Amino acid sequence: MYTFFHANQRKVFAMFTSWLTCTFLLVNTNSFAQELENSSSKSIEDSITEYNALSYQYWSSNPDSGVIFAKKAVEMAHKLKNDSTIAAAYMALGASYYGKGENTLMRQAYFDALNHAQASESRHIIGKSYANIGLSYLTSKDSVKALEYIKKGISYEDPEYQSEVLRLNVGTIYASQREFDSALVYIKDGIQLAEAHKNDRIYAMLQSSLSEIAYNKGQYQKCLSIIRNTENQYNIKDKFITTLFLLTKGRAYTKLKNYDKAEEALQMAKKLSIEGGYTNLEAEACGEQYLLYKIIGKHEQSLQALERQNELEKNAFETEHAKQVAEMAAKYEQAVMSRENKLQEQELALQANEIEQQKIIQVIFLFIIAAAIYIAIYLYRHNLQKKRLNLALKEQKNEVLAQAEELQQLNEEISAQKEYVEKNNQKLSHSYQKITDSIQAAKAMQEAMLPTTALTQLKKPSCFVLFEPKDIVSGDVYWVSKDKSMIAVIDCTGHGVPGAFMSMLALSSLDDLVNSLNIKEPAEVLNRLQQRVHTAFEKTGNTYDGGMDIILCKFDYLNNPQVKVTFAGAKRPLYYFNDGQLYRHKNCKSSINTKAKNKFKHFEFRQHELTLQEGDLLYLTTDGYMDAASPDRKKLSTRVFESIVTVNANKPLQEQQQELVRVLEAHRKGMELRDDITIVGVKL
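Analysis parameters
Residues numbered from 1 in each chain as written. Predicted model: local features only at pLDDT ≥ 70, side-chain atom pairs only at ≥ 80, totals over all residues. Heavy atoms only, no water. Helix = DSSP H or I, 4+ residues; strand = E, 2+ residues; numbered from the N terminus. Buried < 20%, exposed > 50% of the residue type's maximum accessible area, 1.4 Å probe, protein only. Contact = heavy atoms within 4.5 Å. Areas by Shrake-Rupley, 256 points an atom, 1.4 Å probe, with all protein chains shown as cover. Core = buried A, V, L, I, M, F, W, Y, C linked by side-chain atoms within 4.5 Å. 1 Å grid on protein atoms, 1.4 Å probe; cavity = no way out; pocket = protein on both sides within 12 Å on 5 of 7 lines; lining within 4 Å. Points joined across faces, edges and corners; volume = space filled by probe spheres on them. Nonpolar A, V, L, I, M, F, W, Y, C, P; charged D, E, K, R; others polar. Polar contact = N/O pair within 3.5 Å; in protein donor to acceptor, adjacent residues only side chain to side chain. Phe/Tyr/Trp six-rings, centres within 6.5 Å; stacked < 30°, edge-to-face > 60°. Lys NZ or Arg CZ within 6 Å of the ring centre and 35° of its normal. Pairing = 2+ DSSP bridges. Axes fitted to C-alpha atoms, helices over the stretch in contact; angles between N-to-C directions. Left-handed = near helix turned anticlockwise from the far one by under 90°. Expected span 1.5 Å × (residues − 1).

Asks: So what exactly am I meant to see when it comes to the overall build of the chain here?
Replies: If you tally the helices and strands in the chain, you get 22 helices and 11 strands. Looking at the chain as a whole, 40% of its 684 residues are labelled buried. Long-range pairs, those at least 24 residues apart, make up 66% of the contacts in the chain between residues at least 6 apart in sequence. When the accessible surface of the chain is totalled, it reaches about 39,000 Å², and 52% of it is carbon and sulfur.

Asks: I would appreciate a short explanation of unusual backbone geometry in the present structure.
Replies: With the exception of glycine, most residues fall at negative phi, and the peptide bonds are largely trans. One non-glycine residue, Lys198, lies in positive phi territory at about 55 degrees. Structurally, Lys198 can be placed in the loop between helix 10 (180-197) and helix 11 (200-216).

Asks: What is the right way to look at the nonpolar core in this model?
Replies: One finds Leu93, Val170, Ile187, Leu206, Ile213 and Phe240 to be the most contacted residues of the largest nonpolar core, which totals 83 residues. With 10 residues, the top contributor of residues to this core is helix 5 (residues 83-100). If you look at the next biggest cluster of nonpolar residues, it comprises 50 residues, including Trp479, Leu510, Leu513 and Val533.

Asks: Can you help me understand the layout of surface pockets in this one?
Replies: Empty space among the atoms can be located by rolling a probe the size of a water molecule over them. Within this model, the largest pocket holds a volume of roughly 2,600 Å³. As for the largest pocket, its lining consists of 45 residues, and the residues nearest its centre are Lys151, Tyr186, Arg639, Val640 and Ser643. Every element with two or more residues in the lining of the largest pocket is listed here: helix 7 (123-139), helix 8 (143-155), helix 9 (164-176), helix 10, helix 21 (638-648) and helix 22 (653-668). The element that contributes the greatest number of residues to the lining of the largest pocket is helix 21, accounting for seven residues. A per-class count over the lining of the largest pocket returns 16 nonpolar, 11 polar and 18 charged.

Asks: How do you make sense of the environment of Lys554 when you look at a structure like this?
Replies: Relative to the assigned elements, Lys554 resides in strand 4 (residues 547-557). With 68 residues separating them along the chain, Lys554 and Met486 place their C-alpha atoms 4.3 Å apart. Excluding residues within four positions of it along the chain, Lys554 makes contact with Ser485, Met486, Lys520, Glu521, Pro522, Lys564, Val565 and Thr566. Within the structure, the side chain of Lys554 is placed 3.5 Å from the backbone oxygen of Lys520, a separation counted as a polar contact.

Asks: Can you help me understand the packing of aromatic side chains in this one?
Replies: Geometry of an aromatic ring pair is reported as the spacing of the ring centres plus the angle between the planes. The final tally for this structure, using the stated rule, is 15 aromatic pairs. Taken together, the ring pairs connect Phe111, Tyr130, Tyr137, Tyr149 and Tyr156 into an aromatic cluster. The lysine or arginine in question, Lys152, covers the ring of Tyr149, its NZ or CZ lying 5.2 Å from the ring centre. We note Arg251 situated over the ring of Tyr215; from NZ or CZ to the ring centre the distance is 5.2 Å.

Asks: Would you mind showing me how to read the sheet that holds strand 7 (residues 581-585) here?
Replies: What links the strands of a sheet is backbone hydrogen bonding, and the strands pair in either a parallel or an antiparallel sense. Across the sheet, five strands lie side by side as 1-11-10-6-7; this open sheet has antiparallel pairing. Either end of the sheet is taken by a strand with one partner, and the two such strands are strand 1 (462-468) and strand 7. Neighbour-to-neighbour, the strand axes of the sheet open up by a mean angle of 15 degrees, direction not taken into account. Inspection of the sheet shows strand 6 (residues 574-578) paired to strand 7 by five bridges, in the antiparallel sense. Its bridge partner lying in strand 7, Phe577 is registered against Leu582. With respect to the sheet, helix 21 is in contact with strand 6, strand 7, strand 10 (617-621) and strand 11 (677-683), its orientation differing from that of strand 7 by roughly 140 degrees. Against the sheet, helix 22 touches strand 1, strand 10 and strand 11, its axis set at about 20 degrees to strand 1.

Asks: What exactly am I supposed to notice about the packing of helix 8 against helix 9 here?
Replies: Any two packed helices are characterised by the angle at which their axes cross and by the distance between the axes. Packing of helix 8 against helix 9 brings their axes to within 10 Å, and their N-to-C directions diverge by 145 degrees. The handedness of the crossing between helix 8 and helix 9 is left-handed. Residues Ser143, Ala146, Leu147, Ile150, Lys151 and Ile154 of helix 8 form the contact with helix 9, whose participating residues are Leu166, Arg167, Asn169, Val170, Ile173 and Tyr174. Looking at the contact of helix 8 with helix 9 residue by residue, the class counts come to eight nonpolar, two polar and two charged.

Asks: Can you help me understand the side chain of Ser208 in this one?
Replies: As for its placement among the helices and strands, Ser208 is situated in helix 11. Aside from chain neighbours lying at most four places away, what touches Ser208 is Leu244 and Phe245.

Asks: Could you clarify how one ought to interpret helix 7 in this entry?
Replies: Along an α-helix, residues three or four apart share an orientation, since each turn contains 3.6 residues. For helix 7, spanning 17 residues, the distance from its first C-alpha to its last is 24 Å, which sits close to the expected 24 Å at 1.5 Å a residue. Within helix 7, 13 of the 17 residues are buried, which leaves it mostly tucked inside the rest of the structure. With its phi angle positive at about 65 degrees, Lys141 sits one or two positions after the end of helix 7.

Set out below in structure tokens:
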């Protein structure tokens, strides 16, 4: 059984990614040449532009010269102290190091470019730097880090200048790791960009990757359909891409037992790979022919294909080995020359040091003579002044004694004040501890009222609860009716103690309205709850301006696998996942307020109905998760929450909860929460 990237395919992938890296790093040197022609003045900025242009001009044909020009640009850019200019110079240096095949130095240059781009806050250069760092890791066959940095580069792209090449890279890496769903997201995105940019070659490569994914998922007819549609839509003249399509065709026809078409496709793939000099593709074609002929009983042809494959792989190994030996020899010679240069520099430094030491000795000798003369004069003057100073000291001594008495009195006063402050601190500490103990007791009471055990032990529907208070007690709570037919998530105004008191009012009111008075219509429950909140706060003079947001659902299981969901909300939407898609149903824009504001004085909540299938998902949330802040004060956002839910909807509920927590912690990076967080996920 062949995996997505067996030995020969990995070599093809390496050859293809090398071409992609070269394509992405290439700069339009004609535009730089035109800029040089139009430059009349020779300011330092113009000189840096010229050196960058020369570096890009020579990065592939004469990379040593490219490195020299780029280093000169870096040196001059540092003198300007302009971070964006410095970053551009390091980008040119990285391209020249790539031309030399020095991946480590190339990556360091791009990291330097990234640091200065971040200092200049240039999103375009930051994105380019991340992408180039990722491509440097891709060249070194480190797909994990390549994926990390290329995705960062994509996140900084200008929406009007998105790169299909980067998406092809990411999709290909995911596919090589057999993460096909993730690969498809980037491959399909890249196809749209390639069509928009009319980049037929990259479009064909993306379709080739799409067909490979279909093949590896066992969708052989779909694989062939993708190839046929691409061939019919575009006149593909590129032998390399045509060969890739033929290889995939051959494998798919073999799986479908259409051996005649498989043999025809593989023979044509082998022919084109020989014409194009693609030894890796020829080896792969021979490997597929070996398997095909073995299946249909053509043992002599099978053996010939296997022998040819082994011969090609042996030649490729010997060529690669010779290349590595040559590179090691070149590095050794470079190291020897570098060592000799360092020794010469050390000898020159020693000679300069000896000369410098002689100068220092002469300076010290002159300094000693001057110091002796100065000391003699000083001692003479000192003796004259000593008598005068003795008289002055007696007078000062008397003044010091008087000041000492004053200081003693001040110390006594300070000691008394210190004792007073310490007593007050003890009182404050005792008061703080009593308040903290009271809040901890309130937390225990609040947790006792939450239906955590009832929710997590539900079988139909089943649930998960993500509950994260900002302070000791929470303004967020969740509730379930005694008969388990209704569930609610409530976000009370504020957090901490005020929010906790409001949450206790919400929980007790829901228990009374639903469990005691048997009110089962969500809209009626919210209307009654609004009235109770108004009534409760009118007793206090209605000075507190607050309230609560709420989403309340009722479940009715029908005789068939369908479930009727009736719900109503105050400023909180209902999320539900049905037929592979996440929906958000917006509810009333009004909260349940402590004050009956004029425009909502006669307002009544409305309820809605949905008919869903068993197995569909509901998500009841407060806004705390979406408002969680990163160290740079950026919100996590509703879009990210919806994306997490969509990607993980097919996973078990506990894994969905774990993924929500993981993304939250990665975003916060230790930052304090802005608000309480509550998410209840329900599987019908």
